[in-house]
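# Summary of the model geometry
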Amino acid sequence: MREINILKLIKKSFAESSPKNIFSFFLISISSFVVFIGIGVGVAFYYRANIFEYFAKEYLMGEVLNNKEDNADTVTEKIIEKQSIFTQEYFVVDAVKKTNPSVVSIIISKEVPKYEVYTNPNTEQDIFGNIFPLFPFNVTPEYRQNGTEKKTIGGGSGFFVSNDGLIVTNKHVVEDKTAIYTVFTNDGKKHTATVVARDPVLDIALIKIEASGYTPLSLGNSDSLLPGQTVIAIGNALGEFKNTVSVGVISGLSRSVTAGSSFGKAELLDHVIQTDAAINPGNSGGPLLDLSGRVIGVNVAVVTGSQGIGFALPINSVKGAVESVKATGKITRPYLGVRYLAINAEIKEANNLTVDYGVLIKGGTSSADLAIIPGSPADKAGLLENDIILEVDGVKINETNGLASIIRQKKIGQTVTLKVLTKGAEKNIKVVLEVFKEN
């Protein structure tokens, strides 16, 4: 076989090639190199979290190997220390960078009466009679209204859920129908907001500004949360410090609390997330985020006088309201139409019941607080006062799964099967859920 000298072949090729062809070859080579570098950088940036995690683990393993002579406790402490640096701090900063532009501050203002002090000559009294006519004594000032003035009366938070200006917040933030709501975005711009819908069941409302280009936050899955998981709260703390960031953990799940609004109304919030991330007045309506920057809750309440006890509505309960507004322009919810008392061991003993779970259909203290709303799905299905609803579609009603939270997850027009204890006997009753009609 004939041998070929590679070097001679290359020299011959270049000798036969024109300078123009050589330049083209060189240019194509450089361009290809730049393209490959660009693709490599792009892939590395897209998978930056995975790459960072890999090198972090390698570093931690190195720490273990380099500290073989240390005792087990010392090595564990060093691993925990490095993990907190490589995972929590990095991902918190990254999540805040991504989400901060999508969090807004809401300022509540209102036209309030403006008063002035004046002296009514008809009410002047001089204890010295006419002895000192030029010096009146004991003049009582009076007040009278002199027009109105616009004043800030509160604040809250919210976040974008669409790129056309749709914002989620709490219902109690925008509860006053005569107030004016102004949204301040993270870029410093000021927008007048319109209330699109107030949720008849949850403490949720959607407002809208006439603006576009704002990035909506990604909604996560609140059903997969675990106690101890790191979370981030962002909001307009105290109505003054906008886009305040606080970090904590999930302290508990499926809590039930009674929350009061600034308007004096009380509301039962069930199935909420408890967190020790600082949630102050003004944070209401802001997002509770996981380390990936996904919304897993809507900050709603804080226990007055406590430290580290705040609550957020799970985002899975809010998604239906957002989808409803996007599709129909209003929030529609299914409802059953019963007033009830949740049963536990104490209620069982106090009322001489045979079960310690479920809900007892019972009217309120006022004659207007009927046990069953006339014409409601429950009324049409034949439910009666003092019946006990034990299960909904096979799900037992207890402290973890409240009746209201189970019904919220159903759809309008859906048929559900209730296991009911009525007059000492259990039976299954089918109910067709209807749209909640707010009074």
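In short, a report on the structure.

Rules and cut-offs
- Residues numbered from 1 in each chain as written.
- Predicted model: local features only at pLDDT ≥ 70, side-chain atom pairs only at ≥ 80, totals over all residues.
- Heavy atoms only, no water.
- Helix = DSSP H or I, 4+ residues; strand = E, 2+ residues; numbered from the N terminus.
- Buried < 20%, exposed > 50% of the residue type's maximum accessible area, 1.4 Å probe, protein only.
- Contact = heavy atoms within 4.5 Å.
- Areas by Shrake-Rupley, 256 points an atom, 1.4 Å probe, with all protein chains shown as cover.
- Patch = residues over 30% accessible without salt bridge, like charges linked within 9 Å, V, L, I, M, F, W, Y side chains within 5 Å.
- Salt bridge = Lys/Arg side-chain N within 4 Å of Asp/Glu carboxyl O.
- Phe/Tyr/Trp six-rings, centres within 6.5 Å; stacked < 30°, edge-to-face > 60°.
- Pairing = 2+ DSSP bridges.
- Core = buried A, V, L, I, M, F, W, Y, C linked by side-chain atoms within 4.5 Å.

For the chain, the helix and strand inventory stands at 8 helices and 20 strands. Sorting the 439 residues of the chain into buried and exposed places 37% on the buried side. In the chain, once contacts between residues fewer than 6 apart in sequence are set aside, the share between residues at least 24 apart is 63%. Taken as a whole, the chain presents about 26,100 Å² of accessible surface, with 55% of it coming from carbon and sulfur.

On the surface, a nonpolar cluster with roughly 490 Å² of combined accessible area is contributed by Ile30, Phe33, Val34, Ile37 and Val41. If you trace the backbone, Ile37 turns up in helix H2 (residues 19-46). We classify Ile37 as partly exposed; its relative accessible area is 46%.

The subject of this paragraph is the packing of aromatic side chains. Each aromatic ring pair is specified by the distance between its two centres and by the angle formed by the two planes. All told, the structure shown has 3 aromatic pairs when counted by the stated rule. When the centroid spacing of 4.8 Å and the interplanar angle of 5° are considered together, the rings of Phe160 and Tyr214 count as stacked. Of this pair, Phe160 sits in strand E2 (residues 142-160) while Tyr214 sits in the loop between strand E6 (205-209) and strand E7 (230-237), and the two are 54 residues apart along the sequence. Across this residue pair, the class does not change: Phe160 and Tyr214 are buried. For the ring pair Tyr335 and Phe436, a centre distance of 5.5 Å and an interplane angle of 85° mean the geometry is edge-to-face. Residue Tyr335 is located in strand E13 (residues 334-335), and its partner Phe436 is located in the segment after strand E20 (434-435); the two are separated by 101 residues in the primary sequence. The exposure class of Tyr335 is buried, given its relative accessible area of 12%.

A pair can form between side chains of opposite charge whenever their charged atoms are brought close. Using the criterion set out here, one finds 7 salt bridges in the structure. Arg333 serves as the salt-bridge partner of Asp199, at 2.8 Å between the closest nitrogen and oxygen. Taken together, the residues span a long stretch of sequence, with Asp199 in the loop between strand E5 (190-198) and E6 and Arg333 in the loop between helix H5 (315-328) and E13 at a distance of 134 residues. A salt bridge links Asp290 to Arg294; the shortest N-O distance between them is 3.3 Å. Residue classification places Arg294 among the partly exposed residues on the basis of a relative accessible area of 37%.

Our next topic: the pairing of E6. Where burial is concerned, most of E6 is hidden: 4 out of the 5 residues are buried. Note that strand E3 (residues 166-169) and E6 share 4 bridges and pair antiparallel. Paired with Val168 across the two strands is Leu206, which belongs to E6. In this sheet, E6 lies alongside E5 in antiparallel orientation, the contact comprising 5 bridges.

Before going further, it helps to examine the nonpolar core. Counting 30 residues, the largest nonpolar core has Val168, Ile204, Leu206, Leu313 and Val318 as its most contacted members. Of all the elements, H5 adds the most residues to this core, at 5 residues. Beyond its immediate chain neighbours, meaning those up to four positions away, Val318 contacts Val168, Ile204, Val298 and Leu313. The next biggest cluster of nonpolar side chains, apart from the first, holds 20 residues, and it includes Ile372, Ile389, Val416 and Val420.

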